[in-house]
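Tertiary structure, described
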Amino acid sequence: MNKEWWKESVVYQVYPRSFKDSNGDGIGDLRGIIEKLDYLKELGIDVIWLSPVYKSPNDDNGYDISDYEDIMDEFGTMEDMDELIKEGNKRGIKILMDLVVNHTSDEHKWFIESKKSKDNHYRDYYIWRDPVNGKEPNDLKSTFSGSAWQYDETTGQYYLHLFSRKQPDLNWENEEVRNKVYDMMNFWIDKGIGGFRMDVIELIGKVPDKKIKENGPKLHEYIKEMNRKTFGDKNLLTVGEAWCSNPEIAEQYSNPDGSELSMVFQFEHILLDQQPNKEKWDLKPLELLDLKKALSRWQLELEGKGWNSLFWNNHDVPRIVSRWGNDKEYRVESAKMLATLLHGMKGTPYIYQGEELGMTNIRFEELNDYKDIETLNMYEERIEQGYKHEDIMNSIYEKGRDNARTPIQWDDSENAGFTNGDPWIKINLNYKEINAKSQLNDEKSIFNYYKNLIKIRKTNPVVVYGKYELILEENKEIFAYTRTLENEMVLVICNFTESKAKFVFDGISKFKYKELLISNYDVDINQSVNNIELEPYEARIYKFIN
Ligand code: NOJ
């Protein structure tokens with residue numbers, strides 16, 4: 001058992017634009033985050049993953065960076081950033097910077113130079129190709145719709161952008177590019193950060209001429225080099241975003257020898273409610289057995305060989321309570337059940353801002369209330385392809401990224417206490433009912449349930465290091481599993497449905513009952529654990545000893 005601080009930590013993701021506005025311009029900022037550090041301390045988290053705060057023209061809300069060593073004007077100054085790191089550290093909260101180095105903004109000085117001429121020193125920092133038969137070099141597609149190649153008249157060549165036209169891809173084959181990235185990482189490490197979340201890191205080894213995007217032949221060579229030249233000997237948390245990973249690849253990334261990263265963010269479970277080989281907008285209902293299979297596969301295959309990240313939510317995916325819970329009559333129960341399922345597993349849990357309050361998806365009637373470039377480009381593309389407006393809106397309601405990006409609902413005052421100005425995106429009107437203020441002092445709130453789950457992890461090594469085993473594998477209503485470490489075992493039971501469900505299990509005989517650690521209903525603790533009638537979305541964690 002390899003103990004590491006980041007295995008015992010809980011991470012909280014802040015999407016700064018929507019977190020807390022301190023100066024009334026309608027946009028969240030660094031001082032707003034500093035104001036709320038005590039709230040996060042109260043929740044009990046150890047690390048903040050900070051979505052990008054660098055200088056950016058905001059084509060993709062900061063994931064298009066024009067200066068890696070400066071702060072976006074709307075978010076504040078480098079002094080504010082230094083203060084956030086310092087104030088965080090004072091409270092035992094480390095800051096994880098979002099490292100976006102697959103691409104830069106087209107307004108980054110490297111790209112401005114690169115565009116100027118074919119013999120510019122920075123030309124080879126990006127990926128330029130001649131037209132083929134007067135057209136794009138090949139049919140690679142951008143994640144944000146349309147071709148991944150953009151023609152540039154100055155030199156008559158195309159450049160590659162796997163995301164928006166304003167996010168040209170860096171050329172990782174160029175050693176000077178790699179070294180510039182490493183210097184920049186060291187600049188941030190020297191400021192005392194806790195590590196990096198690495199945006200679409202699986203793309204940096206791409207071979208565009210062979211149409212290889214993810215998992216290119218040199219990917220792991222680059223990550224090992226990065227590790228050696230930056231964080232390798234610093235004991236930081238590093239997590240790579242990897243949509244197209246599998247457990248075998250993840251073993252490489254998160255090898256306990258420490259030569260690459262601490263862990264990856266993988267999305268196999270997140271992709272289960274879309275039609276196979278289609279886009280995320282092509283919807284399909286979730287099957288509980290698929291979810292069990294996907295999550296269990298990662299739990300089992302990484303056992304002793306790597307480390308998992310555990311998450312339901314981030315700024316790119318819909319709110320989990322609206323997605324796989326019930327955001328109406330069982331919002332509180334199902335939010336707690338989903339939290340229980342995840343926080344009982346092996347890996348480092350990530351909470352996305354507002355998840356701890358049970359915040360829900362948004363539904364704007366007007367397309368122009370949506371701000372996300374991915375959503376807006378997709379709408380245009382699908383209209384051109386002949387899709388019906390209503391069908392596209394339905395996909396947006398289910399999967400649009402703005403679902404997760406409406407401002408945090410701090411209290412029931414105007415604009416939910418997020419801003420004194422005009423919010424950059426509309427606030428969810430359910431803030432009168434769902435907000436942090438009303439939950440902090442309510443011991444039955446979702447906030448306090450998350451707080452307890454974190455406490456349970458902190459006080460029970462079995463929750464961090466215990467071995468996972470799925471039970472009742474074929475049961476279509478209940479997701480249940482055990483975790484075992486030496487003479488201790490925990491049993492996690494979750495009813496995934498809005499009806500009652502029977503939990504019958506006789507596999508715990510060699511353990512003695514100790515205690516009920518948590519539950520989202522009032523439970524008679526004298527009830528037998530072998531045979532339980534669960535309420536809708538009921539969840540329990542029991543602890544046993546031998
Ligand atoms: C993944 C990020 O999470 C997403 O928000 C962004 O649009 C793309 N990478 C491009 O940086």
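Residues numbered from 1 in each chain as written. Predicted model: local features only at pLDDT ≥ 70, side-chain atom pairs only at ≥ 80, totals over all residues. Heavy atoms only, no water.

**Quick notes on the site of the ligand**
Around the ligand there are 13 residues in total, and Asp-60, His-103, Asp-199, His-315 and Asp-316 lie nearest to it. One of the side-chain N or O atoms of His-103 is found 3.0 Å from an oxygen atom in the ligand. When the free accessible area of the ligand is taken as 300 Å², the share hidden by the protein chains comes to 98%. Residues that form the shell around the ligand fall into these classes: four nonpolar, two polar and seven charged. (Near = heavy atom within 4 Å. Polar contact = N/O pair within 3.5 Å; in protein donor to acceptor, adjacent residues only side chain to side chain. Areas by Shrake-Rupley, 256 points an atom, 1.4 Å probe, with all protein chains shown as cover. Nonpolar A, V, L, I, M, F, W, Y, C, P; charged D, E, K, R; others polar.)

**Comments concerning the UniProt feature "domain: Glycosyl hydrolase family 13 catalytic" (unreviewed entry) in the protein chain**
As annotated by UniProt and renumbered to match this structure, "domain: Glycosyl hydrolase family 13 catalytic" (unreviewed entry) occupies residues 13-405. Here residues 13-405 runs as 31% helix and 13% strand, with 12 Å between its end C-alpha atoms. (UniProt positions renumbered as here; feature names shortened; annotations may be inferred. Helix = DSSP H or I, 4+ residues; strand = E, 2+ residues; numbered from the N terminus.)

**A few points about helix α3 (residues 78-90)**
Side chains that are three or four residues apart share a direction in an α-helix, a result of its 3.6 residues per turn. A rise of 1.5 Å per residue sets the reference length of α3, with its 13 residues, at 18 Å; its end C-alpha atoms lie 18 Å apart and thus fit the reference within 8%. Within the span of α3, buried status applies to Met-78, Asp-80, Met-81, Leu-84, Ile-85, Glu-87 and Gly-88. In this structure, the buried residues of α3 make contact with α1 (30-35), α2 (37-43), β2 (47-50), β4 (67-71), β5 (94-99) and α5 (175-189). With a side-chain oxygen lying 3.3 Å from the backbone nitrogen of Glu-79, the N-terminal cap of α3 falls on Thr-77. Looking at the residues trailing α3, positive phi occurs at Gly-92, about 75°. (Expected span 1.5 Å × (residues − 1). Buried < 20%, exposed > 50% of the residue type's maximum accessible area, 1.4 Å probe, protein only. Contact = heavy atoms within 4.5 Å.)

**A few points about the pairing of strand β7 (residues 149-152)**
Here β7 runs beside strand β8 (residues 157-160); their pairing, made up of four bridges, is antiparallel. Bridged to Gln-150 within β8 is Tyr-159. (Pairing = 2+ DSSP bridges.)

**Looking at the pattern of salt bridges**
Following the criterion strictly, the structure yields 47 salt bridges and no others. For Asp-38, the salt bridge goes to Arg-91, with nearest N and O atoms at 2.7 Å. Residue Asp-38 is found in helix α2, and its partner Arg-91 is found in the loop between α3 and β5; the two are separated by 53 residues along the sequence. As a salt-bridge pair, Lys-346 and Glu-303 come within 3.2 Å of each other at their nearest N and O atoms. Of this pair, Lys-346 sits in the loop between α10 (331-343) and β13 (348-352) while Glu-303 sits in the loop between α8 (288-301) and β12 (309-310), and the two are 43 residues apart along the sequence. Residue classification places Lys-346 among the buried positions, given a relative accessible area of 10%. When salt bridges that share partners are traced, they join Asp-60, Lys-280, Asp-316, Asp-372, Glu-374, Arg-401 and Arg-405 into one network. (Salt bridge = Lys/Arg side-chain N within 4 Å of Asp/Glu carboxyl O.)

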